[in-house]
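A look at the structure
Next come the chains, spelled out residue by residue.
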Amino acid sequence: MNEGETESVKSLYHVLGAKQFDREELEQLFSSAKAMEVVAGEGGTQRFPNKIMSTLFFEASTRTRFSFESAMHRLGGRVIGTENASQFSSAIKGETLEDMIRIIAGYSDLIVMRHTDIGAAKRAAAVSTVPVINAGDGSGEHPTQALLDLYTIEKEFGGIDGAHIAMIGDLTYGRTVHSLSYLLANYRNVHISFISPENVRIPSYVKQYLEEKGISYEETLDLEGIAKTADVFYQTRIQKERFPSPEEYAKAEGKYIIDRNLLNTMKDKAMILHPLPRAGEIHPDVDQDPRAAYFRQAVNGLYIRMALIEKCFE
Ligand code: CP
């Protein structure tokens, strides 16, 4: 049973956080995503013609919302929802998240939600009568992003065991690195280098989890120092909107940029990932290099989300 579920909803399959996935489930999901690549390539299927997915987004999104909606359409289902839910839903009149979820669950078969608050997806799942997928909860987690990140590594490298992954940038507020770290704990002999400005280091609760799982990691300020050895460079945006003050943001902004100079020191078989959007931390000069995998990574989000939707309806 997912953490936070109540007795009444225990048979539902929610996607709330990355820790819920074990290796077997990841392998099944990647196999399913691979099959979805074929389905999407053929234009889709009428697998779920009577299902309705709600998208409830309290924070801005391009990739997550569009890829979830595209995934549902490719599977033959229908989509209702709102972006900017804090303004365009009855949240603005004071309706609680719990009440809103109870209502929306009565209108649809699946809820995909992005919220400003850590733990909001778990709160939603606790009262929902349909599956809930966490599409990002503040600076907490973004499990479906991490799943597509890992799928991209698996697809392009043929495996994840033994990989050296560098996570770069805003490791405090960047929820994708939290979820990706948790997923990597399922693999053997991985090593994670966390590279960040001092004021946005990886949280201690993420490090504690990695230690409990026996995962090797280091923290460093020196991106050039690991450029020759890392297999995957997971660059992230400094999350300006989450900083307590402009002064704190200024301390972190612009410190780590992947450009052609850095690219020249990387392995020939390295891979550059980014959950996107970017805000200057990967120079556009890098885009044409075959090691720049971030646009391919975003497309993989469609296949992973098709696979997740299918799993929610099993
Ligand atoms: N990677 C990601 O979550 O992108 P969006 O914010 O555009 O959904």
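The name given to the protein chain in an unreviewed UniProt entry is Aspartate carbamoyltransferase, with Paenibacillus albus as the source organism. Under the UniProt heading Sequence similarities (unreviewed entry), the entry covering the protein chain gives this text: "Belongs to the aspartate/ornithine carbamoyltransferase superfamily. ATCase family."

Within the protein chain one finds 12 helices and nine strands. At 19 Å, the protein chain has a C-alpha radius of gyration in line with the 20 Å of a compact globule built from 314 residues. Each of the three principal axes of the protein chain carries a C-alpha extent, and together these read 55 × 45 × 40 Å. Going through the 314 residues of the protein chain one by one, you find that 44% of them count as buried. Looking at the protein chain alone, contacts between residues at least 24 apart form 75% of all its contacts between residues at least 6 apart.

Moving on to the sheet that holds strand S4 (residues 132–137). Here four strands make up an open sheet; going across it, the order is S2-S1-S3-S4 and the pairing parallel. Strands with a single pairing partner mark the edges of an open sheet, and in this sheet they are strand S2 (78–82) and S4. In this sheet, adjacent strand axes meet at a mean angle of 15 degrees when their direction is disregarded. Sheet topology places strand S1 (residues 52–57) next to S2; five bridges connect them, and they run parallel. Across the sheet, Ser54 pairs through a bridge with Ile80, a residue of S2. In the packing of helix H5 (residues 120–127) onto the sheet, the strands contacted are strand S3 (110–115) and S4, and the crossing angle to S4 comes to about 160 degrees.

UniProt's feature table lists "domain: Aspartate/ornithine carbamoyltransferase Asp/Orn-binding" (unreviewed entry) at residues 162–310, given in the numbering used throughout. For residues 162–310, helix accounts for 36% and strand for 15%, while the C-alpha atoms at its two ends are 30 Å apart.

What follows deals with the site of the ligand. Taken together, Ser61, Thr62, Arg63, Thr64, Gly136, His142, Gln145, Pro275, Leu276 and Pro277 make up all the residues around the ligand. For the shell around the ligand, a count of residues per class yields three nonpolar, six polar and one charged. Inspection of the shell around the ligand shows a minimum of three residues originating in each of domain 1 (7–141 + 301–312) and domain 2 (143–299).

If you look at the biggest cluster of nonpolar residues, it comprises 84 residues, and the most contacted ones within it are Ile111, Ile165, Val232, Phe233 and Tyr234. Per-element accounting of this core gives the leading share, eight residues, to helix H12 (residues 294–312). Structurally, this core is a two-domain feature, drawing no fewer than three residues from each of domain 1 (7–141 + 301–312) and domain 2 (143–299). Once you skip the residues sitting within four places of it in the chain, Phe233 turns out to touch Ala166, Ile168, Ile258, Ala270, Ile272 and Leu273.

With that settled, consider the UniProt feature "domain: Aspartate/ornithine carbamoyltransferase carbamoyl-P binding" (unreviewed entry) in the protein chain. When the UniProt feature table is mapped to this numbering, "domain: Aspartate/ornithine carbamoyltransferase carbamoyl-P binding" (unreviewed entry) covers residues 14–154. What you have in residues 14–154 is 45% helix and 16% strand, and the ends, taken at the C-alpha atoms, are 24 Å apart.

Each value, and the rule that gives it
- Residues numbered from 1 in each chain as written.
- Predicted model: local features only at pLDDT ≥ 70, side-chain atom pairs only at ≥ 80, totals over all residues.
- UniProt positions renumbered as here; feature names shortened; annotations may be inferred.
- Helix = DSSP H or I, 4+ residues; strand = E, 2+ residues; numbered from the N terminus.
- Rg over C-alpha atoms; globule rule 2.2 N^0.38 Å.
- Buried ≥ 20, exposed ≤ 12 C-beta atoms within 10 Å, placed from the backbone.
- Contact = placed C-beta atoms within 7 Å.
- Pairing = 2+ DSSP bridges.
- Axes fitted to C-alpha atoms, helices over the stretch in contact; angles between N-to-C directions.
- Near = placed C-beta within 6 Å.
- Nonpolar A, V, L, I, M, F, W, Y, C, P; charged D, E, K, R; others polar.
- Domains from an automatic or database assignment.
- Core = buried A, V, L, I, M, F, W, Y, C linked by C-beta atoms within 7 Å.

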